[in-house]
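Listed below, chain by chain, are the residues.
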Amino acid sequence: MLRKEDRFKEFRSWYRKIPAPQLKSVFEGLWQTSFFTHSELIEMASDTLRVMDRAVDVEGGEVPETENKVMLMPGFPCPLCRFPTYSWVEDMGNKLESYVLDFIRENHPGWDIEFGACDRCVEVYKLRADGVM
Ligand SMILES: [Zn+2]
């Protein structure tokens, strides 16, 4: 059995992308929950935002805004190719030319920058937008 502090360290290593104050609130919410149903566990395992929904108010913490939010977590499918992705291209609005972004939007209606994309797709779409492929 691990102590709460050790569990927190373990938890922090899994969810490095969650900002520290939010991580504190989320961990506290999970810690205070006496049990989870099987479906709740499945939901949390497949969607980090459902983990973040567990956040509670705690000193030095921050309850994250999860509504309409997309999280680019390692292993989640890329919205363009659907393959599990470990290398997301973030901050696409600054990293890519707007004509490349428009080209992706044309090919994937409903897609936008906040959904991200894997580095392979970004390379392919850059070339395709330039007419190379
Ligand atoms: Zn992709």
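In the block above lies the structure referred to throughout.
Report follows, based on the coordinates. (Residues numbered from 1 in each chain as written. Predicted model: local features only at pLDDT ≥ 70, side-chain atom pairs only at ≥ 80, totals over all residues. Heavy atoms only, no water.)

1. Some details on the overall build of the protein
If you tally the helices and strands in the protein, you get seven helices and four strands. Listing each helix as α and each strand as β along the protein from the N terminus yields α-α-α-α-β-β-β-α-α-β-α. For the protein, whose C-alpha radius of gyration is 18 Å, the value lies well above the compact-globule estimate of 14 Å for 133 residues. The 133 residues of the protein split such that 32% are buried. Carbon together with sulfur atoms contributes 52% to the accessible area of the protein, which is approximately 8,700 Å² in total. Within the protein, one finds 17 positive and 23 negative side-chain charges whose respective centroids are separated by 6 Å. (Helix = DSSP H or I, 4+ residues; strand = E, 2+ residues; numbered from the N terminus. Rg over C-alpha atoms; globule rule 2.2 N^0.38 Å. Buried < 20%, exposed > 50% of the residue type's maximum accessible area, 1.4 Å probe, protein only. Areas by Shrake-Rupley, 256 points an atom, 1.4 Å probe, with all protein chains shown as cover. Lys, Arg positive; Asp, Glu negative; His and termini not counted. Charge placed at Lys NZ, Arg CZ, Asp CG, Glu CD.)

2. Some words on helix H6 (residues 98–107)
All of the buried residues along H6 are Val-100, Leu-101, Phe-103 and Ile-104. Axial view of H6: buried residues confined to an arc of 155°, hence all on one face. Turned more than 90 degrees away from the buried face of H6, the exposed residues are Ser-98 and Glu-106. Of the surrounding secondary structure, the elements contacted by the buried residues of H6 are helix H5 (92–95) and helix H7 (119–129). (Arc of directions from axis to C-beta. Contact = heavy atoms within 4.5 Å.)

3. Observations regarding the side chain of Gln-22
Here Gln-22 lies in helix H2 (residues 20–32). By relative accessible area, Gln-22 is classed as buried at 9%. Side-chain polar atoms of Gln-22 contact the side chain of Glu-62, separated by 3.1 Å. Not counting residues within four places of it along the chain, the set of residues in contact with Gln-22 comprises Met-52, Glu-62 and Pro-64. (Polar contact = N/O pair within 3.5 Å; in protein donor to acceptor, adjacent residues only side chain to side chain.)

4. A few points about the nonpolar core
By size, the foremost hydrophobic cluster in this structure holds 15 residues, and its most contacted members are Leu-80, Met-92, Ile-104, Ala-117 and Cys-121. Of all elements in the fold, only H6, strand S4 (117–118) and H7 reach the threshold of two or more residues within this core. Setting aside residues up to four positions removed in sequence, Cys-121 forms contacts with Cys-78, Leu-80 and Cys-81. Formed by 14 residues, the second largest nonpolar core is a distinct cluster that contains Tyr-15, Phe-27, Met-44 and Met-52. (Core = buried A, V, L, I, M, F, W, Y, C linked by side-chain atoms within 4.5 Å.)

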